[in-house]
Amino acid sequence: MKSHWVGIAAVATVLMFAGQANAAMDAAAFKALAKKKSCFNCHSMDRSLFGPSLREISRKYSGNAGAPARLAGVIRNGSKGGVWGEVAMPAYARLSDDDIKMMVQYILSLK
Ligand code: HEC
């Protein structure tokens with residue numbers, strides 16, 4: 001029981017650092033939405049499944065100024081395949097602009 005509270009205190013201390021708190025919140029928001037929208041059926045953080053891993057996507061586009069618009073377009077409109085392999089990426093036309101922006105920013109923040 002006591003160690004439980006020590007754990008919570010440690011987490012709270014970490015969250016007090018603003019940058020880390022933002023990163024942790026971004027990750028939680030991204031993962032919740034990605035789970036709800038089944039992104040993780042085809043993408044994982046670190047391993048290629050049907051689609052590229054999210055970290056691979058981030059690495060491929062690092063330093064590419066057009067990446068945010070490009071990736072937002074792929075999420076909204078889908079992709080016929082051919083960029084990473086022969087498998088297609090379904091379109092998520094009903095996601096809001098804000099949700100897509102949040103997902104793209106998070107993916108591109110991965111190192
Ligand atoms: C049915 C499997 C599947 C699902 C579900 C899926 N993806 Fe994909 N995704 C792919 C495949 C396959 C590719 C690579 C397509 C290609 O090579 O053109 C891809 C590509 C992408 C890319 C672009 C990579 C690039 O270089 O163009 C992003 C970003 C992405 N997915 C994000 C997401 C997000 C966010 C979700 C959930 C909202 C999602 N995907 C759901 C299969 C999937």
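These numbers come from a predicted model, not from an experiment.

To continue, consider helix α4 (residues 67-77). Buried within α4 are the following residues: Ala67, Leu71 and Ile75. Relative to the axis of α4, the buried residues are bounded by an arc of 60° and lie together on one face. Exposed and facing more than 90 degrees away from the buried side of α4 are Ala69 and Asn77. Of the surrounding secondary structure, the elements contacted by the buried residues of α4 are α3 (54-60) and α5 (97-109). At the exit of α4 stands glycine 78, carrying a positive phi of roughly 80°.

Turning our attention to the side chain of serine 53. Position of serine 53 among the secondary structure elements: in the loop between α2 (18-36) and α3. Looking at serine 53, the relative accessible area reads 2%, which means it is buried.

What counts and how
Residues numbered from 1 in each chain as written. Predicted model: local features only at pLDDT ≥ 70, side-chain atom pairs only at ≥ 80, totals over all residues. Heavy atoms only, no water. Buried < 20%, exposed > 50% of the residue type's maximum accessible area, 1.4 Å probe, protein only. Helix = DSSP H or I, 4+ residues; strand = E, 2+ residues; numbered from the N terminus. Arc of directions from axis to C-beta. Contact = heavy atoms within 4.5 Å.

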